[in-house]
Amino acid sequence: KLGMKRTSKRLVAFALTLCMVIGLCPATAQIANAAEEKTPYEKYGDVKITTDATTGYRQLSDENGNPIQLKGMSTFGLQWTDGDWVLNDSAFDALAKDWKCDIVRLAMYVTEEGYADHPAELLNKMEQGIKMATDRGMYALIDWHVLSPGDPMSEKYLSAGESLIKTNKEFAKIKEEHPDYRGPQLFFAYLSEKYGDQGNVLFETANEPNGLGTEENAADTWKNKILPYHQSILDAIRTYDNDDKANIILCGTDNWSQFVDAPVANPVQDKQNAGDEQVMYGFHFYAGTHDVKTQEDGTYWLGEKIKSALKGGLAVFCSEWGTSEATGDGGPYINYSQRWLDFLKDNKISWCAWSLGRKTEISAAMKKDTPIEPTDHNNDGIPDWTMDELSITGN
Ligand code: IDC
């Protein structure tokens, strides 16, 4: 008994000393905490697609083939000030350490005053974003943001950034080696050559093809109008990758990335990885418009398409979703969002939420006046935004 008492006294003394030490040197204690926490890349390494032993589905996995779910945020359009504001160290620190984002999607609009009009500037922002995510051990998803027009083969996209061959030596070199390459191929070849050896970099070749066909002829539309585009980009990416580990390529599907099972019969060919294709197919939802439970039998239109894609052997990724309606505004539909998030979790589907916009619209996580550089409010060495500083979506 005595012995025990003595031990507990010692324990109390030790605990007190520890409290004092922590109290006196809070920074040291936090550094110790921070050091314990691994970055997403330290945890998962070079992500890849494998066949899930339990479900038989193609699934995003860590370097060792264990199924994983990456969760993170999409930037807003990087051509706008309410989108590119986020490219600063404090904001990225907050995303990495406070929000614990695994992944940041870098949304590069091509039209709407984006890359087609300002190629050098947008390329630079893209590379800044890749570096900032990489420095913090996050995954970076490079998004060629096809939206309007909806045809990724539209001349507006194909001609985008071609002028860079005059000012950018690497673009000039690639064009010389492949005179047939158009704008998006040059863009992706350039980034693949430069970042293809980084296992934290993923390529999204077209955000949301749309207006190309109907639900009934979705498979044909995919085959004839969308597949050739994605194929040409995949080929450029693989041609210029400098290492033998294939980065994941995410292909947007028709109808604003909703006809996600349309490619089942004609998937993109990934010849260098035949039988173990490192390709995923994108689907998007906006909780106020695309509920997961719309049908009486408890099934859901978009959910069924996702399941049919998985059953058909496709790996899927939700690279964009919002708490709002499809317009980006209205709501927020928090309960429906939660239902979706549960579905994504159950099916181990990775996601990025739209958006890190600093704009007055429901899907934006920030308010118009959210501080561009968040500060460390709770003295834990990590910058953060307060609840008041964020929108409901942000919270
Ligand atoms: C929206 C923005 C909105 C902007 C509009 C047009 O939230 O502020 O005016 O784009 O550029 C998508 C698109 C995404 C849309 C979003 C919401 O990928 O660019 O952002 N959305 O409408 N697909 C479905 C919804």
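Refer to the structure printed above.
Thresholds, definitions, all that
Residues numbered from 1 in each chain as written. Predicted model: local features only at pLDDT ≥ 70, side-chain atom pairs only at ≥ 80, totals over all residues. Heavy atoms only, no water. Pairing = 2+ DSSP bridges. Helix = DSSP H or I, 4+ residues; strand = E, 2+ residues; numbered from the N terminus. Axes fitted to C-alpha atoms, helices over the stretch in contact; angles between N-to-C directions. Contact = heavy atoms within 4.5 Å. Core = buried A, V, L, I, M, F, W, Y, C linked by side-chain atoms within 4.5 Å. Buried < 20%, exposed > 50% of the residue type's maximum accessible area, 1.4 Å probe, protein only. Polar contact = N/O pair within 3.5 Å; in protein donor to acceptor, adjacent residues only side chain to side chain. Expected span 1.5 Å × (residues − 1). Arc of directions from axis to C-beta. Salt bridge = Lys/Arg side-chain N within 4 Å of Asp/Glu carboxyl O.

1. Let's talk about the sheet that holds strand β10 (residues 351-354)
Link 1 in the chain: Reading around the barrel, the 8 strands line up as β3-β4-β5-β6-β7-β8-β9-β10 and close back on themselves, with parallel pairing between neighbours. Between one strand axis and the next, the sheet turns through 25° on average, direction left out of account.
Link 2 in the chain: Direction of pairing for strand β4 (residues 103-109) relative to strand β5 (residues 139-145): parallel, over a ladder of 7 bridges. Note that in β5 the partner of Leu106 across the bridge is Ile142.
Link 3 in the chain: Along the sheet, helix α10 (residues 218-240) makes contact with β5, β6 (201-206), β7 (249-252) and β8 (279-286), crossing β7 at roughly 160°.

2. Observations regarding the nonpolar core
Link 1 in the chain: With 85 residues, the main nonpolar core has Tyr115, Trp144, Phe187, Leu191, Phe283 and Ile306 as its most contacted residues.
Link 2 in the chain: Here this core gets 10 residues from one element, more than from any other, and that element is α10.
Link 3 in the chain: Contact partners of Phe283, with chain neighbours within four places excluded, come to Ser257, Val260, Ile306, Val316, Phe317, Cys318, Ser319, Glu320, Trp340, Leu344 and Ile349.
Link 4 in the chain: If you look at the next biggest cluster of nonpolar residues, it comprises 16 residues, including Val47, Leu141, Leu250 and Met280.

3. Thoughts on the side chain of Arg58
Link 1 in the chain: One can find Arg58 in strand β2 (residues 58-61).
Link 2 in the chain: At 2.9 Å, the side chain of Arg58 forms a polar contact with the side chain of Asp276.
Link 3 in the chain: Polar contacts involving the side chain of Arg58 include one to the main-chain carbonyl oxygen of Glu277, which spans 3.1 Å.
Link 4 in the chain: For Arg58, the residues in contact, after removing those within four places along its chain, are Ile49, Thr50, Thr51, Asp276, Glu277, Gln278, Leu310, Gly313, Leu314 and Ala315.

4. Observations regarding helix α13 (residues 334-346)
Link 1 in the chain: With 13 residues, α13 extends 18 Å between its outermost C-alpha atoms, agreeing within 8% with the 18 Å of an ideal straight helix rising 1.5 Å per residue.
Link 2 in the chain: Residues of α13 that are buried: Ser337, Trp340, Leu341, Phe343 and Leu344. Mapping the buried residues of α13 onto a view down its axis gives an arc of 160°, with all of them on the same face. Of the residues in α13, the exposed ones pointing more than 90 degrees away from the buried face are Asn335, Lys345 and Asp346.

5. Section: the pattern of salt bridges
Link 1 in the chain: Counted by the stated rule, this structure contains 20 salt bridges.
Link 2 in the chain: With its nearest N and O atoms 2.9 Å apart, the salt bridge here joins Arg105 to Glu320. Of this pair, Arg105 sits in strand β4 while Glu320 sits in strand β9 (residues 315-322), placing them 215 residues apart in sequence.
Link 3 in the chain: In this structure Arg105 comes out as buried when scored by relative accessible area, which is 0%.
Link 4 in the chain: Judged by relative accessible area, Glu320 falls into the buried class, the value being 5%.

6. Focus on unusual backbone geometry
Glycine aside, the phi torsion of most residues is negative, and most peptide linkages are trans.
Link 1 in the chain: The omega torsion of the bond from Gly331 to Pro332 falls at 10°, within 30 degrees of zero and hence cis.
Link 2 in the chain: Positioned with a positive phi, Glu112 is a non-glycine residue whose angle comes to about 50°.
Link 3 in the chain: Inspection of the secondary structure puts Glu112 in the loop between β4 and α6 (119-135).
Link 4 in the chain: For Glu112, a relative accessible area of 36% corresponds to the partly exposed category.
Link 5 in the chain: In this model, Trp256 sits at a positive phi of 55°, which is unusual for a non-glycine residue.
Link 6 in the chain: Within the fold, Trp256 resides in helix α11 (residues 254-257).

The values are spatial; any link to function lies outside them.
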